[in-house]
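# Examination of the molecular architecture
Letter by letter, the chains look like this.
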Amino acid sequence: VTPFRDFGRTNLLVRFPSGADGNAISAAAADHKGSVVDNLPEGIVIVDGDGRIRDANPAFLDLIRVVAIDRIEDKLLDTWLGGSSSLSSIR
């Protein structure tokens, strides 16, 4: 867990490790699609080992003020964390 501030609010970045080959990220994204995660009030985003967004729930899209997931897929998460290197520091 890494705290970061954005728009005057303190947020928490929670990192769950994946498998060495990175396939756990793809499996996790597929498992969460349409699940309870989509209905959580907290923003959830799944990234690959390079920090590129693979999936996100509607609360995360609201948080970063983006209408659809296709606008952020394959883009770096750091882009929406105030351009910080907070993600890089916990890899």
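Residues numbered from 1 in each chain as written. Predicted model: local features only at pLDDT ≥ 70, side-chain atom pairs only at ≥ 80, totals over all residues. Heavy atoms only, no water.

## Remarks on the environment of leucine 61
To be explicit about the condition: For the purposes of this entry, the term helix denotes a DSSP run of H or I that reaches at least four residues, the term strand denotes a run of E that reaches at least two, and both are numbered from the N terminus. Each residue's exposure class comes from its accessible area (1.4 Å probe, protein chains only) as a fraction of the maximum for that residue type: buried when under 20%, exposed when over 50%, partly exposed otherwise. We call two residues contacting when some pair of their heavy atoms lies within 4.5 Å.
Relative to the helices and strands, leucine 61 is located in helix H2 (residues 58-63). Taking relative accessible area as the criterion, leucine 61 reaches 10% and is therefore assigned buried. For the pair leucine 61 and arginine 71, spaced 10 residues apart in sequence, the C-alpha to C-alpha distance is 9.8 Å. Excluding residues that lie within four positions of it along the chain, leucine 61 makes contacts with Ala56, Val66, Val67, Ala68, Ile69 and Ile72.

## Quick word on the nonpolar core
Selection rule: Only buried residues count toward a nonpolar core. Its members are Ala, Val, Leu, Ile, Met, Phe, Trp, Tyr and Cys residues joined through side-chain atoms within 4.5 Å.
Counting 14 residues, the largest nonpolar core has Ile53, Phe60, Ile72 and Leu77 as its most contacted members. Where this core is concerned, the elements lending two or more residues are strand S4 (53-56) and H2. If near-sequence neighbours (up to four positions away) are discounted, isoleucine 53 is found in contact with Val45, Ile46, Val47, Phe60, Ile69, Ile72, Glu73, Asp74, Lys75, Leu77 and Trp80.

## Concerning the pairing of strand S1 (residues 2-6)
Test applied: Pairing between strands requires that DSSP locate at least two bridges from one strand to the other.
The pairing of S1 with strand S2 (residues 9-13) spans 5 bridges and is antiparallel. Its bridge partner lying in S2, aspartate 6 is registered against arginine 9. In sequence, S1 turns back onto S2 through a hairpin of 2 residues, with phenylalanine 7 there showing a positive phi of about 55°.

## Thoughts on the confidence of the model for the protein
For clarity, the cut-off: On a scale of 0 to 100, pLDDT captures the predictor's confidence in every residue.
Taken as a whole, the protein shows an average pLDDT of 76; of its residues, 69% reach a score of 70 or greater. Confidence, expressed as mean pLDDT per element, reaches its minimum in the protein at helix H3 (residues 86-90) with 44 and its maximum at H2 with 91. Here residues 86-91 scores under 50 on pLDDT; set against residues more than four positions off or in separate chains, the count is 13 contacts.

## Points about the pattern of salt bridges
Rules: By definition, a salt bridge exists where a carboxyl oxygen of Asp or Glu is found within 4 Å of a side-chain nitrogen of Lys or Arg.
All chains considered together, the criterion is met by 2 salt bridges. A salt bridge links aspartate 48 to arginine 54; the shortest N-O distance between them is 2.5 Å. Assessed through its relative accessible area of 17%, aspartate 48 is described here as buried. One salt bridge in this structure joins aspartate 74 and arginine 54, with 2.0 Å as the shortest N-O distance. In this pair, aspartate 74 is assigned in the loop between H2 and H3 and arginine 54 in strand S4, connecting sequence segments 20 residues apart. Under the relative-accessibility criterion, aspartate 74 is labelled partly exposed at 46%. Looking at arginine 54, the relative accessible area reads 30%, which means it is partly exposed. Residues joined by salt bridges that share partners form a network here, namely Asp48, Arg54 and Asp74.

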